[in-house]
Amino acid sequence: MNKKIRLLVMNGQKLLESQNNDSWQVDGVERSTPLKCGVYNLFNCIEAEPTEVYHGRVVHVDELYVYQQIDNKFVRHDKETLGQSVSTGDTVTISQGLCNEVGYMEQMRG
């Protein structure tokens, strides 16, 4: 992964940050999301393997990738290979690049 990015979820907002030298800068702010408050270090993600099955919650979608949280790790999928669009908070199963939506995760209390 070329660029270090992370999400900060707090106070009803989701901040997308990227690392610039030794400091973090805010690249975008969105309204409240159905994610639990915390820091999501997306730069620690692993690339999705086409032969694996991934089931978990979508934590971020950008122009190129879908980031999915599975337990305490993050998996990055190429957005264009998925068979449908997904949104932050969706719980999906992704197998061989095809996405099956399982359900929308309700707003977590936190």
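Residues numbered from 1 in each chain as written. Predicted model: local features only at pLDDT ≥ 70, side-chain atom pairs only at ≥ 80, totals over all residues. Heavy atoms only, no water.

A.B. asks: Looking at this model, I keep getting lost on the pairing of strand β9 (residues 90-95). Mind explaining?
C.D. replies: For a regular strand, side-chain orientation follows a simple rule: the groups alternate between the two sheet faces. In terms of burial, β9 is largely enclosed, as five of its six residues are buried. Summarising the sheet, strand β6 (residues 53-61) and β9 pair through five bridges and their orientation is antiparallel. Looking across to β9, one finds that Arg-57 is bridged to Thr-91. (Buried < 20%, exposed > 50% of the residue type's maximum accessible area, 1.4 Å probe, protein only. Helix = DSSP H or I, 4+ residues; strand = E, 2+ residues; numbered from the N terminus. Pairing = 2+ DSSP bridges.)

A.B. asks: Help me understand the sheet that holds strand β2 (residues 13-20) in this model?
C.D. replies: Strand pairing in a sheet is mediated by backbone hydrogen bonds. Such pairs are either parallel or antiparallel. One open sheet holds the four strands; their spatial order is β3-β2-β1-β4, and the pairing between them is antiparallel. The open sheet is flanked by β3 (23-30) and β4 (38-40), the only strands paired with a single partner. Across the sheet, the axes of successive neighbouring strands diverge by a mean angle of 25°, strand direction being ignored. (Axes fitted to C-alpha atoms, helices over the stretch in contact; angles between N-to-C directions.)

A.B. asks: Hey, could you run me through the packing of aromatic side chains in this one?
C.D. replies: By convention here, two paired aromatic rings are described through the distance between centres and the angle between planes. Tallied over the full model, the rule gives three aromatic pairs. Its end group placed over the ring of Phe-43, Lys-4 keeps NZ or CZ at 4.5 Å from the ring centre. Positioned over the ring face of Tyr-65 is Arg-76, at 3.9 Å from the centre of the ring. (Phe/Tyr/Trp six-rings, centres within 6.5 Å; stacked < 30°, edge-to-face > 60°. Lys NZ or Arg CZ within 6 Å of the ring centre and 35° of its normal.)

A.B. asks: Teacher, can you tell me more about the pairing of β2 here?
C.D. replies: Note that strand β1 (residues 5-10) and β2 share six bridges and pair antiparallel. Directly across from Val-9, in β2, lies its bridge partner Lys-14. Between the end of β1 and the start of β2, which pair antiparallel, lie two residues, with Asn-11 showing a positive phi angle near 50°. Examined bridge by bridge, β2 and β3 share seven bridges and lie antiparallel to one another. Paired with Leu-16 across the two strands is Gly-28, which belongs to β3. What sits between β2 and β3 in their antiparallel hairpin is a turn of two residues, with Asn-21 showing a positive phi close to 60°.

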